[in-house]
Amino acid sequence: MSWHHHPFRSLLCLSICAVLIASCIGSGHKPTEDELSAFGKHVYELDTMKMEEAMRQILKADTSHYDIDKALRAHYASSEALSPVWFTRMGVSPDADSLLSVLRHELPYSGLDTTSFALSQIAEDLAITHALTFDSLGLNINEVLTRLDYLLSRAFMRYTVGQRYGFTRPAKLLNHLDTKAEGDYARLFDIDIVTPDMTEALKALVSGERIAYLLASEPQSPLYRALQAKLAATTDTEQQRTLAVNMERARWRMKQPEATGRHILVNIPSQQLWAISSDTILTMRICCGTTLTKTPLLRSAISHIEVNPAWIIPMSIIKAEVSPHAGDSAYFARHRYSIVNRSTGATLSPTAVTAEQLRSGSYRVSQRGGAGNSLGRIVFRFPNNFSVYLHDTSTPGAFQRERRTLSHGCIRVQKPFELACFTMPDADEWTLDRLRISMDIPPATDRGREYLSEHVDDERPLRLINYQKINPHVPIDIVYFTAYPNPETDSIEFWPDLYGYDKHIRRALTLP
């Protein structure tokens, strides 16, 4: 109902008293809705123009850049005469008390701060309105009702949209933390997230089903429920703060990949990989990117495996680590690096190329495949925007470290052969033995042992596996949870915030 079209346009005096009602009834007069207004007992001036002006002032004063708040302000500003949502001349809707009750109960179990929903002010304004104590407190009913209406709507919108889609926008938040050498921001989050449907929430706001919509907004995913149960059970303040941040991560609605019955989960804070199928869980340690070269968060699928790959060294590494050794033949020989002119394809002597030329991008530097290669003996590739992948390593001792943030962004895996077997569940024994021999792992079959004895003098590495023939399709998620249920035990475990993301999410959860 529009304030502009209320029957009390400009200045409307609503009064109800026992004498007036008695006289109306006694004279056979049926009281009108105006006479039976909830704002009776005293005379109150409900001035529509003053309410409209009060709402305009509220909208002007609310400078929040929060997307949900901006959508609500646009809704009020476009409504005819800034229509109220939570009251009519007959009083404040019972939904207002229901909203306050639900939020008081749910917010502590959602890891959310009640101040972000102005619950104290809403409760105070509702108490004043129910008790009709505007005069005794020196308050203007027009201002109180207008403020109450807006705060109720904002609390409704923040809770329903936030619970359904997340209160933060991870790409916007995380992709503005680090800068690259060129000065651009580093892209740290690259997972498709479902865009919040503000229209749906606004429609529910003005409907008769808004409380049902409110109650249905809490996430129902097993991950969210597990974190919520842990939050309710712990009294440790720091754990509660960590759980609240990870419950927010669980609200982000990531677009689901094609189901294949098996998938790979990499969690950066735990520095662990889990390869999960319907009947097995393979777990292993990983090494991930440093704090300066963070491993990006993404969702993809293993597309092919490369055995004994050559390492094409990224330009960032050439500039930072290789070019200072220009002209040093011993360095290039020790690392088995070769330099190739990109335009001619010619392989050049390290003594013939300067540091400036290496940094120009006109030359490719690569490392020969096999033992000692930085990628190890096998690489698991998947489409992504960062040229990162899972791979073996020539320095397995790194997996014994407690903190394993060592790479330039790629992920080193502790059990590469076992992971390869996981991605090829239908592989026969000869295929697996060919893979073993190619990786210098002792074969497990007589056929494999016989083959190895016949080729013992062949140049290494033996390349019995052609990676183009190994094309698994296994979904992979690289995520960042500092509290998460261990896939093997289902118990919530806590891990260090290696990249410092938690503090940024925690700050963003405190809404203006």
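Residues numbered from 1 in each chain as written. Predicted model: local features only at pLDDT ≥ 70, side-chain atom pairs only at ≥ 80, totals over all residues. Heavy atoms only, no water.

## Overview of the overall build of the protein
Right, so step 1: The helix and strand tally for the protein stands at 18 helices and 21 strands.
Right, so step 2: Across the 512 residues of the protein, 51% fall into the buried class.
Right, so step 3: Within the structure as shown, the protein displays about 24,200 Å² of accessible surface, and the carbon and sulfur contribution to it stands at 51%. (Helix = DSSP H or I, 4+ residues; strand = E, 2+ residues; numbered from the N terminus. Buried < 20%, exposed > 50% of the residue type's maximum accessible area, 1.4 Å probe, protein only. Areas by Shrake-Rupley, 256 points an atom, 1.4 Å probe, with all protein chains shown as cover.)

## Considerations on the sheet that holds strand β11 (residues 311-312)
Right, so step 1: Taken together, the 4 strands give an open sheet; going across it, the order is β11-β14-β12-β13, and neighbouring strands pair in antiparallel fashion. The sheet is open, and its two edges are formed by β11 and β13 (347-348), each paired on a single side.
Right, so step 2: Across 2 bridges, the pairing between strand β12 (residues 337-341) and β13 is antiparallel. Counted as the bridge partner of I339 is L348 from β13. (Pairing = 2+ DSSP bridges.)

## Observations concerning the layout of surface pockets
Right, so step 1: Its volume calculated, the largest pocket comes out at about 1,600 Å³.
Right, so step 2: Those elements giving two or more residues to the lining of the largest pocket turn out to be β11, α12 (315-322) and β17 (405-407).
Right, so step 3: Tallying contributions element by element places α12 first for the lining of the largest pocket, with 7 residues.
Right, so step 4: Grouping the amino acids of the lining of the largest pocket by side-chain chemistry returns 22 nonpolar, 17 polar and 9 charged.
Right, so step 5: One number sums up the size of the second largest pocket: a volume of about 740 Å³.
Right, so step 6: Forming the boundary of the second largest pocket are 31 residues, of which L223, Q256, R299, D477 and Y484 lie nearest the centre.
Right, so step 7: Elements supplying a minimum of two residues to the lining of the second largest pocket: α10 (222-233), α11 (237-251), β6 (262-267), β9 (297-302), β19 (474-479) and β20 (483-485).
Right, so step 8: Taken together, the residues of the lining of the second largest pocket break down into 17 nonpolar, 7 polar and 7 charged. (1 Å grid on protein atoms, 1.4 Å probe; cavity = no way out; pocket = protein on both sides within 12 Å on 5 of 7 lines; lining within 4 Å. Points joined across faces, edges and corners; volume = space filled by probe spheres on them. Nonpolar A, V, L, I, M, F, W, Y, C, P; charged D, E, K, R; others polar.)

## Brief notes about empty space enclosed by the protein
Right, so step 1: A full pass over the atoms with the stated rule returns 1 cavity of 30 Å³ or more.
Right, so step 2: Computed from the structure, the largest cavity encloses a volume of approximately 90 Å³.
Right, so step 3: Taken together, the elements giving at least two residues each to the lining of the largest cavity come down to β19 and α18 (501-509).
Right, so step 4: Looking at the lining of the largest cavity, its residues break down into 12 nonpolar, no polar and 1 charged.

## Section: the environment of V322
Right, so step 1: With respect to the helices, strands and loops of the structure, V322 is situated in helix α12.
Right, so step 2: Assessed through its relative accessible area of 2%, V322 is described here as buried.
Right, so step 3: Distance from V322 to L358, taken between C-alpha atoms, is 8.2 Å for residues 36 residues apart in sequence.
Right, so step 4: Residues contacting V322, with those up to four places away along its chain left out, are I313, I317, Y331, F332, Y337, L358 and V365. (Contact = heavy atoms within 4.5 Å.)

## Digging into the side chain of T234
Right, so step 1: On the secondary structure map, T234 appears in the loop between α10 and α11.
Right, so step 2: Assessed through its relative accessible area of 11%, T234 is described here as buried.
Right, so step 3: Of note is the side chain of T234, whose polar atom sits 3.2 Å from the side chain of Q239.
Right, so step 4: Excluding residues that lie within four positions of it along the chain, T234 makes contacts with Q239, Q240 and L243. (Polar contact = N/O pair within 3.5 Å; in protein donor to acceptor, adjacent residues only side chain to side chain.)

## With respect to the pairing of strand β7 (residues 272-277)
Right, so step 1: Of all 6 residues making up β7, 6 are buried, and the element is well covered by its neighbours.
Right, so step 2: Taking every second residue as pointing to the same face, both faces of β7 are buried, with Q272, W274 and I276 on one and L273, A275 and S277 on the other.
Right, so step 3: The pairing of β6 with β7 spans 6 bridges and is antiparallel. Along β7, the bridge assignment pairs I264 with A275.
Right, so step 4: Where β6 hands over to β7, the hairpin turn is made up of 4 residues, of which Q271 adopts a positive phi near 55 degrees.
Right, so step 5: In this structure, β7 lies alongside strand β8 (residues 281-289), joined through 5 bridges in antiparallel fashion. Within β8, the residue paired with A275 across the bridge is L282.
Right, so step 6: Connecting β7 to the next strand, β8, in antiparallel fashion are 3 residues.

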